[in-house]
Amino acid sequence: MSGHEHRGRTFTYRLGSSQNSTKKLSPSSPPKSSMAVELRSNLSWTMLRKKKSIASIHYSFRLDLFLLLFLLSIPRSISELNTMQGFCAVASDSDCSSSFTKILIKGGTVVNAHHKEVADVYIEDGIIVSVRPNIKVGDEVKIVDATGKYVMPGGIDPHTHLEMEFMGTVMIDDFFTGQAAALAGGTTMHIDFIIPVNGSLSAGFDSYIKKAKNAVMDYGFHMAITKWDEEVAKDMELMVKENGINSFKFFMAYKGALMVNDELLMQGLVKCKSLGALAMVHAENGDAIAEGQKRMIDLGITGPEGHSLSRPPVLEGEATARAIRLASFVNTPLYVVHVMSIDAMEEIAVARKAGQRVIGEPVVSGLVLDESWLWDPDFTTAAKYVMSPPIRKAEHGKALQAALTTGTLQPFCDQKLSEFGQRHSPFSQQILNIFSVLLVGTDHCAWNSTQKALGIDDFRKIPNGVNGIEERMHLVWDTMVESGKISVTDYVRITSTECARIFNIYPRKGAILEGSDADIIILNPNATFKITAASHHSRSDTNVFEGMTGKGKVEVTISGGRVVWENNKLNIMPGSGRYIRMPPYGYLFDGIDKADAAYLASLHAPVHRTKAAA
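What you see is a predicted model, and the numbers here were worked out from it, not measured in a lab. (Residues numbered from 1 in each chain as written. Predicted model: local features only at pLDDT ≥ 70, side-chain atom pairs only at ≥ 80, totals over all residues. Heavy atoms only, no water.)

**Comments concerning the packing of helix α5 (residues 230-242) against helix α6 (residues 262-275)**
Where α5 contacts α6, the two axes come as close as 11 Å, and the packing angle between them is 35°. In the crossing of α5 with α6, the sense of the turn from one axis to the other is right-handed. When α5 is examined against α6, the residues A233, M236, E237 and V240 are found in contact with a partner set consisting of G268, K271, C272 and L275. Looking at side-chain class alone, the contact of α5 with α6 contains five nonpolar, one polar and two charged residues. (Axes fitted to C-alpha atoms, helices over the stretch in contact; angles between N-to-C directions. Helix = DSSP H or I, 4+ residues; strand = E, 2+ residues; numbered from the N terminus. Left-handed = near helix turned anticlockwise from the far one by under 90°. Contact = heavy atoms within 4.5 Å. Nonpolar A, V, L, I, M, F, W, Y, C, P; charged D, E, K, R; others polar.)

Following this line, the structure appears as structure tokens:
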């Protein structure tokens, strides 16, 4: 069943499995509702009438109304149906209930981006109250033992797409299933992209607020800009000043759909600067890609491999360079989403070396996967890896991993870095140090195999996007920390803290400090994980990381001061997630006004000339 069925407040979701099996998932009711919530059930009104022995009532309107009021008033006592693997209801008598307002995490190594220490963490009413050794508490406090484990800020994913309409279909994960997956993987906040409705930012915002009504964790919004007129300019101001949005995305790809031209991009950059909002770009040359797609079709290349071949790294590098130069001309910060290639990475590094404020965001799929899967003879397998920019050859991912390190470059950097390495090998070694990746996202945009099959005869019709919201924290730990490439504090920086800083919500988010939100994970560095579509919490029936195993597992997730993931079970409440407003003028804008003043002083213009006598 697609979407959700709203009968008696039960929800049915198709969760991922290789057999496309339907798993029924009934989330717990919002905090304000006292209604019983059931998992793995689908009680229609007819079934409820049977259970209450009122079948003889038939269709009496008055008695139907009475029944509805009765259901809304019964206590939350149904727990025997909460047996679905990985989920449990939030109910006062449920074995897996975690309605504690007071929690003490004892004996773990508390890790922030700037330091780590063995300490206890005391939480009350969703806020971190104290971080110090040997905290004493009363019996009414839930104790979580973290001895031998790391206690870290919950992950913040800067780049997701939930319930997004795109390429003739709707992304398979909504705000409930997508966020459930996130919490199971240790992410406690994400920032989703609003797509305007017929170009209207306000209509788009209203639409996404409605989509997020069943949110189970905190979230924020970026806003895409797909056209330009005075109404859009006014709406941008409204979004920043009243709706808590401090970033706007411009697509330089998807010609004929979302793509903007350079004129619109320039206007958008100027407006972003005036509002203290961060400009973001999807950097690929859309015009050249359209030509590349036509070239592939003319050659008879219609499968998923044509997607990669039609948009090579050089087109990502060109668009990245163009966006950087336009942002430099305007003197406004720039954020380049999903950096997938050495070409784009080098352009960002050169700009950063010159002092320009540019952020490059790699995504976990680009770090750990390679493009070879797109050549798989099985269409379903190959199609699930289609995303934009495409997953690249392995050396691109290795270069991005090196950019995540803060110390000595890995040995491979002395070798060729793809076909560009011969030209730039010594240069690239310097560049990677300068690039110094600040954060890692996912670009989570999951589809099922049926949706991907829309392009079985034409790769241009395959919905673009892969999963990652549940897998990011584990894969980054195993790839980067367990391998010794980065430190534990660096891990916190790139998965949580830097995102909070860039989008101006630190230290409320991204830190374990007194007064910060109690969004916390407990990671066991000795536990192992295995990723499968059969066990993940996304509704997709495929997973691009299928079969991957590693070391370092999130065993407990605390969101808003509640234990929502423990013992491999979710304990979540639809409607409990909060929309987090993000103020403008983050740290990337510090000193912009001085740079503008220095620029004006350097012009030595206008020159005042005397007019020649007549």
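Having seen the model, we can carry on.
**Some thoughts on a nonpolar patch on the surface**
Taken together, the side chains of Y599, L600 and L603 make up a nonpolar region of the molecular surface, amounting to roughly 320 Å² of accessible area. Mapped onto the secondary structure, L603 falls in the segment after α18 (592-602). (Patch = residues over 30% accessible without salt bridge, like charges linked within 9 Å, V, L, I, M, F, W, Y side chains within 5 Å. Areas by Shrake-Rupley, 256 points an atom, 1.4 Å probe, with all protein chains shown as cover. Salt bridge = Lys/Arg side-chain N within 4 Å of Asp/Glu carboxyl O.)

**Section: unusual backbone geometry**
In this chain, S388 is followed by P389 through a cis amide linkage whose omega measures -10°. Tracing the sequence through the fold places P389 in the loop between α12 (379-383) and α13 (394-404). For the peptide bond that leads from A605 to P606, omega is 5°, which places it in the cis range. Residue placement: P606 occurs in the segment after α18. Not every positive phi belongs to a glycine, and Y585 is a case in point at roughly 60°.

**Some details on the pattern of salt bridges**
Applying the stated criterion across every chain, the model contains 26 salt bridges. Among the ionic pairs, K273 bridges to D596, the shortest N-O distance being 2.8 Å. Of this pair, K273 sits in helix α6 while D596 sits in helix α18; the two residues are 323 residues apart in sequence, bridging distant segments of the chain. Assessed through its relative accessible area of 22%, D596 is described here as partly exposed. Here K509 and D517 are joined by a salt bridge, their closest N and O atoms 2.9 Å apart. The two residues K509 and D517 agree in class, both being buried. One network of salt bridges, in which partners are shared, links D218, R508, K509, D517, D519 and R578. (Buried < 20%, exposed > 50% of the residue type's maximum accessible area, 1.4 Å probe, protein only.)

**Some remarks on α13**
The element α13 is extensively covered by neighbouring structure, given that eight of its 11 residues are classed as buried. Restricting attention to buried positions, one finds in α13 the residues H396, G397, A399, L400, Q401, A402, A403 and L404.

**Describing empty space enclosed by the protein**
By the definition in use, this model includes six cavities of 30 Å³ or more. As a volume, the largest cavity reaches approximately 140 Å³. In terms of lining residues, the largest cavity is bounded by 17 residues, among which H161, F251, Y254, D443 and N464 are the most central. Split by residue class, the lining of the largest cavity holds eight nonpolar, seven polar and two charged. Taken as a whole, the second largest cavity holds about 70 Å³ of empty space. Its residues assigned to classes, the lining of the second largest cavity comprises eight nonpolar, four polar and no charged. (1 Å grid on protein atoms, 1.4 Å probe; cavity = no way out; pocket = protein on both sides within 12 Å on 5 of 7 lines; lining within 4 Å. Points joined across faces, edges and corners; volume = space filled by probe spheres on them.)

**Observations concerning the packing of helix α10 (residues 342-353) against α13**
Two numbers describe how α10 lies on α13: the axes approach to 9 Å, and their chain directions differ by 30°. Looking at the two axes, α10 sits roughly parallel to α13. Packed against α10, whose contacting residues are I342, D343 and M345, the element α13 presents E395, H396, A399, L400 and A403 at the interface. Of the residues contributing to the contact of α10 with α13, the split by class is five nonpolar, one polar and two charged. (Parallel < 35°, antiparallel > 145°, perpendicular 65-115°, else oblique.)

**Concerning the nonpolar core**
M152, F248 and F250 are the most contacted members of the largest nonpolar core, which totals 114 residues. Excluding anything up to four places from it in sequence, F250 contacts I225, V260, L264, L265, G268, L269, C272, A279, M280, V281 and H282. I156, F193, V337 and M582 belong to the second-largest nonpolar core, a separate cluster that totals 19 residues. (Core = buried A, V, L, I, M, F, W, Y, C linked by side-chain atoms within 4.5 Å.)

**Re the environment of G178**
Tracing the sequence through the fold places G178 in helix α3 (residues 175-184). Looking at G178, the relative accessible area reads 0%, which means it is buried. The spatial distance from the C-alpha of G178 to the C-alpha of V216 is 9.5 Å, given a sequence separation of 38 residues. Residue contacts for G178: discarding those within four places in its chain leaves L162, D173 and I469.

**A closer look at the pairing of strand β17 (residues 549-559)**
For β17, a buried count of eight out of 11 residues is recorded, marking the element as mostly surrounded by other parts of the structure. Bridge analysis of β17 against strand β18 (residues 562-566) gives four bridges, and the strand direction is antiparallel. Each bridged residue has a counterpart across the sheet, and for V556 the counterpart in β18 is E566. Between β17 and β18, which pair antiparallel in sequence order, lie two residues; one of them, G560, sits at a positive phi of approximately 60°. (Pairing = 2+ DSSP bridges.)

**Looking at the packing of aromatic side chains**
Summed over the entire model, instances satisfying the criterion amount to 15 aromatic pairs. Their ring planes at 15° and their centres at 5.2 Å tell us that W373 and Y385 sit as a pair that is stacked. Remark: Y385 occurs in the loop between α12 and α13 and W373 occurs in the loop between α11 (364-368) and α12; sequence separation between them is 12 residues. Residues W477 and Y491 carry aromatic rings whose centres are separated by 5.0 Å and whose planes lie at 85° to one another, so their mutual orientation is edge-to-face. One end of the pair, W477, is in helix α16 (residues 472-481); the other, Y491, is in helix α17 (residues 488-502), with 14 residues separating them in the sequence. Through successive ring pairs, a cluster of aromatic residues spans F175, F205, Y208, Y219, F221 and Y579. It is K249 that lies over the ring of F193; its NZ or CZ is 4.3 Å from the centre. (Phe/Tyr/Trp six-rings, centres within 6.5 Å; stacked < 30°, edge-to-face > 60°. Lys NZ or Arg CZ within 6 Å of the ring centre and 35° of its normal.)

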